[in-house]
Amino acid sequence: INTGMIFIRTDSSWAQSLWADTWAHSHPRFHHVPFWDQSGLCQMLAKRQEFIPDVLGATPTGLKPSEAPWFSWMGGSRQKWTQHMSVVDCASLQFANP
């Protein structure tokens, strides 16, 4: 999840607990190293089995990804859905650039 934009339903108890867990339980390096902030969020999504990437924070997870290849730049799906969320790649949001 590295598009620069995330839409969240703030009245969702699921989303509120996701953010609380991200700040309280993700690996500390994700809070203190530039450009790794999204890895803390992805770590919590993987723990909840929403999305399971094969690499997280530049480290292989050893888990079978929820889809392969995981990353869109490697040929993976540009859109992903789970019970609670969907992720759309940044190129799909480029409505001003034909």
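### Considerations on helix α3 (residues 37-47)
Summarising burial for α3: eight of the eleven residues are buried, a large majority. By the burial criterion, the buried members of α3 are S39, G40, L41, C42, Q43, M44, L45 and A46. Packed against the buried residues of α3 are α1 (13-25), α2 (29-32) and β1 (55-56).

### Looking at α1
Given a rise of 1.5 Å per residue, 13 residues ought to cover 18 Å, and the 17 Å separating the end C-alpha atoms of α1 matches this to within 8%. Within the span of α1, buried status applies to W14, A15, L18 and T22. The arc that holds the buried residues of α1, viewed along the axis, is 95°, so those residues lie on one side. Counted as exposed and oriented over 90 degrees from the buried face of α1: S13, W23 and A24. For α1, the elements touching its buried residues are α2 and α3. With a side-chain oxygen lying 3.3 Å from the backbone nitrogen of W14, the N-terminal cap of α1 falls on S12.

### As for the confidence of the model for the chain
Residues of the chain with pLDDT of at least 70 account for 89%, and the chain-wide mean is 78. Ranking the elements of the chain by mean pLDDT puts strand β4 (residues 86-88) last, at 77, and α1 first, at 91.

### Quick notes on the side chain of Q43
Tracing the backbone shows Q43 in helix α3. When residues no more than four places from it in sequence are discounted, the contact partners of Q43 are H25, S26, H27, F30 and L56.

### Observations regarding the side chain of S26
Structurally, the position occupied by S26 is in the loop between α1 and α2. Overall, S26 belongs to the buried group, its relative accessible area being 6%. A polar contact of 2.6 Å, which involves the side chain of S26, links it to the backbone oxygen of T22. Apart from residues no more than four positions distant in its own chain, S26 is found in contact with D21, H31, G40, Q43 and M44.

### Here we look at the pattern of salt bridges
For the coordinates displayed, the defined rule picks out two salt bridges. Of the charged contacts in the structure, one is a salt bridge between D11 and R9, with a shortest N-O distance of 3.7 Å. On the accessibility criterion, D11 (59% relative accessible area) is exposed. When its relative accessible area of 60% is taken as the criterion, R9 is described as exposed.

### A look at the nonpolar core
Within the largest apolar cluster, ten residues are counted, these being W14, A15, L18, L41, M44, L45, F51, W70, M85 and V87. Going through the elements one at a time, α1 and α3 are the ones with two or more residues in this core. Not counting residues within four places of it along the chain, the set of residues in contact with W14 comprises L45, R48, E50, H84 and M85.

Reading the values: rules and limits
Residues numbered from 1 in each chain as written. Predicted model: local features only at pLDDT ≥ 70, side-chain atom pairs only at ≥ 80, totals over all residues. Heavy atoms only, no water. Buried < 20%, exposed > 50% of the residue type's maximum accessible area, 1.4 Å probe, protein only. Helix = DSSP H or I, 4+ residues; strand = E, 2+ residues; numbered from the N terminus. Contact = heavy atoms within 4.5 Å. Expected span 1.5 Å × (residues − 1). Arc of directions from axis to C-beta. Polar contact = N/O pair within 3.5 Å; in protein donor to acceptor, adjacent residues only side chain to side chain. pLDDT = per-residue confidence, 0-100. Salt bridge = Lys/Arg side-chain N within 4 Å of Asp/Glu carboxyl O. Core = buried A, V, L, I, M, F, W, Y, C linked by side-chain atoms within 4.5 Å.

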